[in-house]
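The lines below spell out each chain.
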Amino acid sequence: MIRILAISLIFLLSLNRSAFAEISIKAEVDKKVISTDEAVTYKVTVASDEKNAPVLTLPEIKDFALLSSAQSSSVSVAKSKVNTAFVYVFILAPKAAGKFTIGPTTIKHDGQVYSSETFEIEVSQGKNKPKPAIPEKKLPGSLSGSEEPKITL
């Protein structure tokens, strides 16, 4: 019996570290009620105990124009444990008044899917006249921690 327990313990300790990877994804918006004169900040944070961030699949955001985006990352090591945080920030301007949904951002890792929150944004008509159409940037379909966000003009 002790042999079986010892063999089981050795087996568990020899498993690949990625089988125990801890990953979390969180999304947030700075405002849920805005006017067409304002913008909303959509921020996605991915925390992992692995060196590289998994690939994000961003939601299709057709009711908002992408004004700008940024990406940052941080790595900390404590007691031989690596913790990484990747933050993606998108500034979005509504295309029209109405109620719109920003769907979840997802991560697929080791056969599991992790999803962020979904947000309802209520947009009222602003006081400013609509601006002339300018070429808008598109939100990339997916991002990884090792690449820059791709922006299409």
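Cut-offs used in this document
All residue numbers refer to position in the chain's written sequence, counted from 1. The predicted nature of this model means local features are confined to residues of pLDDT at least 70 and side-chain atom pairs, given and counted, to a pLDDT of 80 or more, with totals for whole chains, interfaces and linings taken over all residues. Hydrogens are left out, water is left out, and the side-chain values use all remaining heavy atoms of the structure. Strands here mean DSSP runs of E at least two residues long; helices mean DSSP runs of H or I at least four residues long; both are numbered from the N terminus. With a 1.4 Å probe rolled over the protein chains alone, any residue whose accessible area is under 20% of its type maximum counts as buried; one over 50% counts as exposed, and the rest are partly exposed. Residue contacts are defined here by distance: any two heavy atoms, one from each residue, within 4.5 Å place the two residues in contact. The criterion is simple. A nonpolar core is a set of buried Ala, Val, Leu, Ile, Met, Phe, Trp, Tyr and Cys residues joined through side-chain atoms within 4.5 Å. Strands pair, by our definition, only if DSSP identifies at least two bridges between them. Pairing of aromatic side chains requires ring centres within 6.5 Å, counting the rings of Phe and Tyr and the six-membered ring of Trp. Pairs whose planes differ by under 30 degrees are stacked, by over 60 edge-to-face, and all others tilted. The salt bridge definition used is simple: a Lys or Arg side-chain nitrogen within 4 Å of an Asp or Glu carboxyl oxygen.

Asks: Explain the environment of Leu 92 to me, please; I cannot follow it from the model alone.
Replies: Within the secondary structure, Leu 92 is located in strand β6 (residues 81-94). The sequence separation of Leu 92 and Phe 64 amounts to 28 residues, and the corresponding C-alpha distance is 5.7 Å.

Asks: What's the story with unusual backbone geometry in this structure? I'm lost.
Replies: Trans is the prevailing form of peptide bonds, just as negative phi is the prevailing case for residues other than glycine. Positive phi outside glycine occurs at Asp 110, with the angle close to 50 degrees. Topologically, Asp 110 is positioned in the loop between β8 (106-109) and β9 (112-115).

Asks: Whenever I open this one, the environment of Pro 94 confuses me. Can you help?
Replies: Mapped onto the elements, Pro 94 comes out in strand β6. Under the relative-accessibility criterion, Pro 94 is labelled buried at 9%. Considering only alpha carbons, one finds Pro 94 and Asp 63, 31 residues apart in sequence, at a separation of 6.1 Å. The contacts of Pro 94, once residues within four sequence positions are left out, are Ile 34, Ser 35, Thr 36, Glu 38, Asp 63, Phe 64 and Val 123.

Asks: Sorry if this is basic, but what is going on with the nonpolar core here?
Replies: Side chains that are nonpolar tend, in soluble globular proteins, to be buried together. With 25 residues, the main nonpolar core has Tyr 42, Val 44, Phe 64, Leu 92, Ile 102 and Ile 121 as its most contacted residues. Sorting the residues of this core by element identifies β1 (23-29), β3 (40-48), β5 (64-78), β6, β7 (98-102) and β10 (119-124) as the ones contributing at least two each. Filtering out sequence-adjacent residues up to four positions away, Leu 92 remains in contact with Ala 39, Val 40, Tyr 42, Ile 61, Phe 64, Ala 65, Leu 66 and Ile 102.

Asks: Is there a simple way to think about the pairing of β3 in this case?
Replies: A regular strand carries its side chains on alternate faces of the sheet. Along β3, the buried face is formed by Val 40, Tyr 42, Val 44, Val 46 and Ser 48; none of Thr 41, Lys 43, Thr 45 and Ala 47, which line the opposite face, is buried. The sheet contact formed by β1 and β3 spans seven bridges and is antiparallel. Bridge pairing in β3 places Val 29 opposite Tyr 42. As paired elements, β3 and β6 share nine bridges and run antiparallel to each other. Within the sheet, the bridge partner assigned to Val 40 lies in β6 and is Leu 92.

Asks: Help me understand the packing of aromatic side chains, please; the structure alone is not making it clear to me.
Replies: Considering all chains together, one arrives at three aromatic pairs under this definition. Aromatic pair Tyr 42 and Phe 119: ring centres 6.4 Å apart, planes at 80 degrees, arrangement edge-to-face. Remark: Phe 119 occurs in strand β10 and Tyr 42 occurs in strand β3; sequence separation between them is 77 residues. Residue class for Phe 119 comes out buried when judged on its relative accessible area of 8%.

Asks: It is not clear to me how the pattern of salt bridges should be interpreted in this structure. Could you clarify?
Replies: Any two side chains of opposite charge can pair, so long as their charged atoms come close to each other. The full count for this structure, using the stated rule, is one salt bridge. Across the pair Lys 31 and Glu 38 runs a salt bridge, and its minimum N-O distance is 3.8 Å. A relative accessible area of 31% means that Lys 31 is categorised as partly exposed. Take Glu 38: its relative accessible area is 32%, and that puts it in the partly exposed class.

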